[in-house]
Amino acid sequence: MDFASILQYLISGLTVGATYGLTALGFTIIYNTTGIINFAQGEFVMLGGMFSVFFLNVTGLPLPLAVAAAVAATVAVGAFIERCTIRPVKHPTLIQLIIVTIGVSIVIRGLAMLVWGKDTFALPAFTGETPLRFLGATILPQNLWILGITLVLLAALKRFFAGTMFGRAMLACSHNKKAAYLSGIDVQRMVLFSFMLSAFIGSVGGAILAPITMASYDRGILLGLKGFAACILGGLGNPFGAAAGGLILGVLESFGAGFVSSAYKDAFAFLILLGLLFVRPSGLFGKSAATRA
Amino acid sequence: MISLKNVDVFYGKIHALRRASLHVRRGEIVALIGANGAGKTTLLSTISGLLRPAPGGRIDLAPATGGACPGLRGAGSAAKSGGDGGAKPAFAAERIDLTRRSPDRIVRLGVSHVPEGRQVWGPMSVADNILLGSYCRTGRAARAQAAEDMAELYRMFPVLEERSDQMAGTLSGGEQQMLAIARALMARPRLLLLDEPGMGLAPTVTREIFRHIVDLRDRFELTVLLVEQNARSALQIADRGYVLETGRIVLQGPAEELLANRDVQRAYLGRDLDS
Ligand SMILES: Nc1ncnc2c1ncn2[C@@H]1O[C@H](COP(=O)(O)OP(=O)(O)OP(=O)(O)O)[C@@H](O)[C@H]1O
Ligand SMILES: [Mg+2]
C-alpha cells in the first residue's frame, strides 16, 4: 500500500466523515436542548440532497439558489416536526418522543418515495469536476467544498453557543430546564429552534454530499445511523466530540474499505462503535456518566 | 404586590395546596414556614408558573408602578413601612392574573423565583449564569442597564467576581446560593421568591445570606417571599409570616407574634440549632 493511496483513503474518509459529523452535530443539538434522540435526523440529510435536486431540475433555480431553497425547505420541515408531532404530546416521556421521531422518519421517507420515486439523482458538483492532484492523490473540488463548509459551520456554531445570549440560553435549557424557565427563557421556543438548527445543519450536509454520493429517498437511514454512531463515539451531548467522531468514523471506514473489503464498509462503523462502547461507554470525548448525573 | 386567593394545587390525586390565601405588600419580607412536605415549594412554583393551580383560585400581581423599571437604589426603607393594608385596593383595578401565564412571561412581569436547591447551570461559567439571568431584558438600553446591574452585583458578591470564569458547579453551596440569587436579580424583579436559601448551609453562611437578603431588599426595592424551614432566622428578618401545614395555611401574623407564639415555638423553633 503506497502513500498516495493512503492519502486518497484519508481524503475520501474525511469527506464522508464530515457529513457524518454534521449529522452527529444535528443529533447533539436536539439532544442537548431536549434530551431527545431525533431519529429523523438522517431524513434531514436526505431532504437536503433531494430538495436541492428538485429545486434545480424541476423549478430550474440556479445551483446556489437551489441549495439555499433546499436548506430553507428542510428547516421548515424541522419546524413542522416540532410544532406538529413533538409539542402536542401531552406529558410526554423521553421514550415516547424518541418513538415519535422514528415514526416521523418513516413518514418522511415514505412521502419522499411517493413524490420522487425510488431513483437516485445526481446533483452537479458546485465548481466543476476537474480533479486536483495532491501528492499523488486526487482531490475533487467538491471534497474541498465539503471540508470547508463543515469547518465554517463548526466555527459558526461555536461562536453561536459561546458568544450569543440565544446560544447560551439553548445550552442552559440542556443543563437545567427548570432554571431556564425561571430565568425567563422560553423553553418551547428553544426546542423549536433546536429542531430548525438541526434541520439546517443536516440539510447543508445532505446538499454538499449529494454531488459525490448521489441523492435518493432512502439515503437517510444509513446516514442517520452513522451520524448517531459518530455521536456516541464522540460522547453524546458534546458537539465537538460529535464532529470529531464523524471524521474519525469516516476515515476508519474508508481505510477499512480500502485495506479489507469495501463490501464490509458499513459494518466497520458499527464494529468500531461496539468495540468502543465496551472500553469507554461514555465515548472518546464524553465525561464519565457519574459526572453528568 | 401579590395576593393569592383560594389557590388549590394537585399533583394527580395528591392535594398539595388547599385553598391557600396569602398576600405580600410592596417592600415587605414575608416568611412562609412549614415542615417537610407542607407545600411551600408547591406554593412558590405555582406563583412562578411552573405549576398550574386548579380552576377557581386567583393569583394577582400588582402592575409595575409608573411604567419604568424599578431603580437600583432608592426608597427601600421607606417602602418597608408603607403600604399597610392600602396596597390591595390600590391595584385592584388593573391587577395582573398570573394563573394562566407561562413561567417566562411571569419573569418578564417582574417575579423571579430562586428555586430550591439553587439549580445553577453547573457546566456553565459563573459569569454566563449571571448574564443569562438577564435573558428577558432585550433592547440596547436594557442591555446596558443589565451590564450595570452585573457590576453592582459583583460589588455585592465579590466572591462571584473572583470566580466568574469558573464553572458554576464547582462553587461551594453558599456561593451557589449567592449565584442563584444574583442570577434571579439580573431579571430586575419586583418580587423575589426564595425557596430555602439556607438549605444545607452552615449557620454562619445562612446568616450571611439572610443579611444579603435584607440588604438587597433595600437596594433593589424588592418585595420578598421567603420560604424556610429554619423558622427562627427567617422570622427574624421578616415583617410578617405564614405557617403552612399539609397544604393549608394555619397561622399568620407579624413576625414577632409568630416568634412568640407557643405553637410555632414548639413546632418550628425548638429544633433550630443556631440560636
Ligand atoms: N412532582 C410531584 N408529584 C407528586 N407529589 C408531589 C410532587 N412534588 C411535591 N409533591 C407532594 O406535594 C406535597 C408538598 O410538597 P412540597 O415540595 O411543596 O413541600 P415543601 O413544603 O416544599 O417541602 P420541603 O421542605 O421538603 O421542601 C408533598 O406531600 C409532596 O410529596
Ligand atoms: Mg420545598
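The present account deals with the structure reproduced in this document. Since this is a predicted model, take the numbers as computed values, not measurements. (Residues numbered from 1 in each chain as written. Chains lettered and ligands numbered in written order. Predicted model: local features only at pLDDT ≥ 70, side-chain atom pairs only at ≥ 80, totals over all residues. Heavy atoms only, no water.)

Bringing the overall build of chain A into the picture now. Across its full length, chain A carries twelve helices and two strands. Sequence-ordered secondary structure for chain A, helices as α and strands as β, is α-α-α-α-β-β-α-α-α-α-α-α-α-α. For 293 residues, the compact-globule formula gives about 19 Å, and the C-alpha radius of gyration of chain A, at 19 Å, lands near that figure. Projecting the C-alpha coordinates of chain A onto the three principal axes gives extents of approximately 60 × 50 × 35 Å. Here chain A, with 293 residues, has 50% of them falling under the buried criterion. Summarising the internal contacts of chain A: among those between residues at least 6 apart in sequence, 73% fall at separations of at least 24. When the accessible surface of chain A is totalled, it reaches about 12800 Å², and 72% of it is carbon and sulfur. Charged side chains of chain A number 18 positive and 9 negative; the gap between the two group centres comes to 15 Å. (Helix = DSSP H or I, 4+ residues; strand = E, 2+ residues; numbered from the N terminus. Rg over C-alpha atoms; globule rule 2.2 N^0.38 Å. Buried < 20%, exposed > 50% of the residue type's maximum accessible area, 1.4 Å probe, protein only. Contact = heavy atoms within 4.5 Å. Areas by Shrake-Rupley, 256 points an atom, 1.4 Å probe, with all protein chains shown as cover. Lys, Arg positive; Asp, Glu negative; His and termini not counted. Charge placed at Lys NZ, Arg CZ, Asp CG, Glu CD.)

Right, let's get into the overall build of chain B. Helix and strand counts for chain B stand at twelve helices and ten strands. Taken over 275 residues, chain B has a buried fraction of 55%. Across chain B, every contact between residues at least 6 apart in sequence was considered, and the portion connecting residues at least 24 apart equals 74%. Of the roughly 11600 Å² of accessible surface on chain B, a fraction of 50% belongs to carbon and sulfur atoms.

Turning to the pattern of salt bridges, a few remarks are in order. This model, assessed by the stated rule, comprises 19 salt bridges over all chains. A salt bridge links Arg 109 of chain A to Glu 43 of chain A, with the shortest nitrogen-to-oxygen separation between them at 3.3 Å. Separated by 66 residues along the polypeptide, Arg 109 of chain A in helix α4 (residues 94-116) and Glu 43 of chain A in helix α2 (residues 41-57) bring together distant segments of the chain. A relative accessible area of 1% means that Glu 43 of chain A is categorised as buried. For Asp 60 of chain B, the salt bridge is made with Arg 58 of chain B, and the minimal N-O distance between the two is 2.8 Å. Classification of Asp 60 of chain B as buried rests on a relative accessible area of 0%. For Arg 58 of chain B, a relative accessible area of 33% corresponds to the partly exposed category. (Salt bridge = Lys/Arg side-chain N within 4 Å of Asp/Glu carboxyl O.)

Further remarks concern the coordination of the magnesium ion (ligand 2). The protein atoms that coordinate the magnesium ion (ligand 2) are Thr 41 of chain B (OG1) and Glu 116 of chain B (OE), at distances of 1.8 to 2.2 Å. Pair noted here: Thr 41 of chain B is in helix α1 (residues 40-47) and Glu 116 of chain B is in the loop between β6 (111-114) and α5 (126-132), with a separation of 75 residues, a long-range link. (Donors = N, O, S within 2.8 Å, 3.2 Å for Na, K, Ca; no water.)

Let's shift gears to the sheet that holds strand β4 (residues 58-61) of chain B. All names here are of chain B. The strand order across the open sheet built from four strands is β2-β1-β4-β5, with neighbouring strands paired in antiparallel fashion. Single-partner strands in this sheet number two, and they are β2 (14-24) and β5 (96-97). The sheet contact formed by strand β1 (residues 2-11) and β4 spans four bridges and is antiparallel. Across the sheet, residue Lys 5 finds its bridge partner in β4, namely Arg 58. This element, α1, spans β1, β2 and β4 of the sheet and lies at about 115° to β1. (Pairing = 2+ DSSP bridges. Axes fitted to C-alpha atoms, helices over the stretch in contact; angles between N-to-C directions.)

On the chain B side, the residues contacting the 18 residues of chain A number 21 residues. Both sides together, the interface formed by chain A and chain B hides about 1800 Å², and carbon and sulfur atoms give 69% of it. Among the residues of chain A in contact with chain B, Met 165, Arg 168 and Leu 182 of chain A are the three that bury the most area, contributing 34% of the side total. Where chain A packs against chain B, one counts one salt bridge. For Asp 128 of chain B, the salt bridge identified is with Arg 168 of chain A, shortest N-O distance 2.8 Å. (Buried area = accessible area lost by both parts, 1.4 Å probe.)

The subject of this paragraph is the site of ligand 1. Residue and element names in this part refer to chain B. The local shell around ligand 1 holds 14 residues, among which Lys 40, Thr 41, Thr 42, Glu 116 and Gln 229 are the closest. The side chain of Asn 36 places a nitrogen or oxygen atom 2.8 Å from an oxygen atom of ligand 1. In this structure, an oxygen atom belonging to ligand 1 sits 2.8 Å away from a main-chain N or O atom of Gly 37. About the coverage of ligand 1: the protein hides 62% of its 630 Å² of free accessible area. If you list the elements that add at least two residues to the shell around ligand 1, you get β2 and α1. Here the element with the most residues in the shell around ligand 1 is α1; it accounts for three residues. Of the residues in the shell around ligand 1, the class split is five nonpolar, six polar and three charged. (Near = heavy atom within 4 Å. Polar contact = N/O pair within 3.5 Å; in protein donor to acceptor, adjacent residues only side chain to side chain. Nonpolar A, V, L, I, M, F, W, Y, C, P; charged D, E, K, R; others polar.)

Turning our eyes to something else, we now look at the packing of aromatic side chains. As enumerated under the stated definition, the model contains 15 aromatic pairs over all chains in all. Where Phe 27 of chain A meets Phe 228 of chain A, the ring centres are 5.6 Å apart and the plane angle is 55°; that geometry is what we call tilted. With a gap of 201 residues between them, Phe 27 of chain A in helix α1 (residues 3-34) and Phe 228 of chain A in helix α9 (residues 219-234) connect regions that are remote in the sequence. These aromatic residues form a ring-pair network of at least three members: Phe 51, Phe 54, Phe 55 and Trp 116 of chain A. Above the plane of the ring of Phe 240 of chain A lies Lys 158 of chain A, whose end atom (NZ or CZ) is 5.1 Å from the centre. Stacked on the ring of Trp 121 of chain B, the Lys or Arg Arg 183 of chain B has its end atom at 4.5 Å from the ring centre. (Phe/Tyr/Trp six-rings, centres within 6.5 Å; stacked < 30°, edge-to-face > 60°. Lys NZ or Arg CZ within 6 Å of the ring centre and 35° of its normal.)

Residues and elements named next belong to chain B. Remark: helix α8 (residues 173-185) packs on helix α9 (residues 203-219), axes separated minimally by 10 Å, with the N-to-C direction vectors making an angle of 15°. Considered as vectors, α8 and α9 are oriented roughly parallel to each other. For the pair α8 and α9, the sense of crossing is right-handed. For the pair α8 and α9, contact is made by Gly 174, Gln 177, Met 178, Ile 181 and Leu 185 and by Val 205, Glu 208, Ile 209 and Leu 216, respectively. Grouping the constituent residues of the contact of α8 with α9 by class yields six nonpolar, two polar and one charged. (Parallel < 35°, antiparallel > 145°, perpendicular 65-115°, else oblique. Left-handed = near helix turned anticlockwise from the far one by under 90°.)

Here we take up unusual backbone geometry. At Met 214 of chain A, a position not held by glycine, the phi torsion is positive, near 70°. Positive phi, normally seen in glycine, also occurs at Arg 19 of chain B, with a value near 40°. Inspection of the secondary structure assignment puts Arg 19 of chain B in strand β2. Overall, the relative accessible area of 54% leaves Arg 19 of chain B in the exposed class.

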